[in-house]
Amino acid sequence: MDKKKINISLIGMPGAGKTTIAKLLAAQLSLEFIDSDHLIEKINNQSIQDILDSEGHAELRLKEEEVILSCSLNNTILATGGSAVYSDKAMSYLNNHSMVIYLDIPISSVMQRVGDYSNRGFAEPSGKSPEDVFNQRTVLYKKWCHLTIDGTFDVGTVAENIIKAVLDN
């Protein structure tokens, strides 16, 4: 890989593999790894689910936006929370400072990988079905990404496909 600055932000549904693949990419490319959900938890000294339970989805989304906007992207792989795409400010920032890659998986894979959303820190109003959220977010993921990668393969293959795609751009 050449010496140009590489910043990649991964977006996608919970269970798409954003954190796992971001860690693998960071290790393979010798780049910094950041997970915005982990930063939110560290700054607030509580889990995403606890923030959601005590402060609600709108406040969690605001915290997510603040954390993303505070990230210094300098040869970095960023794994975002699944709801990052609801913030135009955060996504504009990521679009201007990184290659935004959407890890696309079908709703059946989301449900298989995540299962019960009730403890997953799902930043949505209560009463929305996973299918409704999937359909709404898919439009936003496609809107904000520079590149869509099929996330249904094993993590090694997905990471390899991302590296090939980044080198081609």
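Residues numbered from 1 in each chain as written. Predicted model: local features only at pLDDT ≥ 70, side-chain atom pairs only at ≥ 80, totals over all residues. Heavy atoms only, no water.

Undergrad: Can you help me understand the overall build of the chain in this one?
TA: When helices and strands are counted, the chain shows 8 helices and 5 strands. The order of helices and strands in the chain, counted from the N terminus, is β-α-β-α-α-α-β-α-β-α-α-β-α. Computed over C-alpha atoms, the radius of gyration of the chain comes to 15 Å, within 12% of the 15 Å expected from 2.2 N^0.38 for 169 residues, which places it in the range of a compact globule. Each principal axis of the C-alpha distribution contributes one length, and for the chain these read about 45 × 35 × 25 Å. Relative to its 169 residues, the chain shows a buried fraction of 50%. Once local pairs closer than 6 in sequence are excluded, the contacts in the chain between residues at least 24 apart make up 74%. For the chain, the accessible surface area stands at approximately 8200 Å², while carbon and sulfur atoms represent 48% of it. Placing the 16 positive and 22 negative side-chain charges of the chain at their respective mean positions leaves the two points 5 Å apart. (Helix = DSSP H or I, 4+ residues; strand = E, 2+ residues; numbered from the N terminus. Rg over C-alpha atoms; globule rule 2.2 N^0.38 Å. Buried < 20%, exposed > 50% of the residue type's maximum accessible area, 1.4 Å probe, protein only. Contact = heavy atoms within 4.5 Å. Areas by Shrake-Rupley, 256 points an atom, 1.4 Å probe, with all protein chains shown as cover. Lys, Arg positive; Asp, Glu negative; His and termini not counted. Charge placed at Lys NZ, Arg CZ, Asp CG, Glu CD.)

Undergrad: So what exactly am I meant to see when it comes to the nonpolar core here?
TA: Looking at soluble globular proteins, one finds that nonpolar side chains tend to be buried together. With 46 residues, the main nonpolar core has L10, I101, L103 and I162 as its most contacted residues. Those elements that provide at least two residues to this core are strand 1 (7-11), helix 1 (18-29), strand 3 (76-79), helix 5 (88-97), strand 4 (99-104), helix 7 (130-144), strand 5 (147-150) and helix 8 (155-168). At 6 residues, helix 8 tops the list of elements feeding residues into this core. Excluding its chain neighbours within four sequence positions, the residues that come into contact with L10 are K18, I21, A22, L25, L78, A79, T80, I101, L103 and I162. Residues I48, I51, L60 and V67 belong to the second largest nonpolar core, which totals 6 residues. (Core = buried A, V, L, I, M, F, W, Y, C linked by side-chain atoms within 4.5 Å.)

Undergrad: Can you help me understand the pairing of strand 3 in this one?
TA: Remember that side chains alternate between the two faces of the sheet whenever the strand is regular. Residues T76 and L78 of strand 3 are buried on one face, and the alternating residues I77 and A79, pointing to the opposite face, are buried as well. As judged from the 4 bridges shared by strand 1 and strand 3, these two strands associate in the parallel manner. Paired with L10 across the bridge in strand 3 is A79. Pairing geometry for strand 2 (residues 32-35) and strand 3, over 4 bridges, is parallel. Following the sheet pairing, D35 is matched in strand 3 by A79. (Pairing = 2+ DSSP bridges.)

Undergrad: Explain the packing of aromatic side chains here, please?
TA: Think of a pair of aromatic rings as described by two things: how far the centres are apart, and how the planes are tilted against each other in angle. Evaluation of the coordinates by the stated rule reveals 1 aromatic pair. Aromatic side chains Y102 and Y141 sit 5.0 Å apart centroid to centroid with 25° between the ring planes, which places their arrangement in the stacked category. Note that Y102 is positioned in strand 4 and Y141 in helix 7, a separation of 39 residues in sequence. According to the relative accessible area criterion, Y102 is buried, its value standing at 1%. (Phe/Tyr/Trp six-rings, centres within 6.5 Å; stacked < 30°, edge-to-face > 60°.)

Undergrad: Before we go on, may I ask you to explain helix 7 in this structure?
TA: Owing to its 3.6 residues per turn, the α-helix aligns residues three or four sequence positions apart on the same side. Spanning 15 residues, helix 7 covers 21 Å between terminal C-alpha atoms, matching the ideal 21 Å at 1.5 Å per step. For helix 7, every residue scored as buried is listed here: P130, V133, F134, R137, T138, L140, Y141 and W144. In this structure, the buried residues of helix 7 make contact with strand 1, helix 5, strand 4 and helix 6 (107-114). (Expected span 1.5 Å × (residues − 1).)

Undergrad: Just to check I follow, could you spell out the sheet that holds strand 4 for this structure?
TA: Where strands meet in a sheet, backbone hydrogen bonds hold them as pairs that are either parallel or antiparallel. If you trace the 5 strands from one edge of the open sheet to the other, you get 2-3-1-4-5, paired in parallel fashion. At either end of the open sheet lies a strand with only one pairing partner, and these are strand 2 and strand 5. Strand-to-strand, the axes of this sheet are offset by a mean angle of 25°, without reference to chain direction. In the packing of helix 1 onto the sheet, the strands contacted are strand 1, strand 2, strand 3 and strand 4, and the crossing angle to strand 3 comes to about 175°. (Axes fitted to C-alpha atoms, helices over the stretch in contact; angles between N-to-C directions.)

Undergrad: Help me out: how do you make sense of the side chain of E64 in this one?
TA: Note that E64 resides in helix 4 (residues 57-70). Despite its burial, E64 pairs with no opposite charge, the nearest such side chain being R61 at 6.1 Å. (Salt bridge = Lys/Arg side-chain N within 4 Å of Asp/Glu carboxyl O.)

Treat this as a map of the structure, not an account of what it does.
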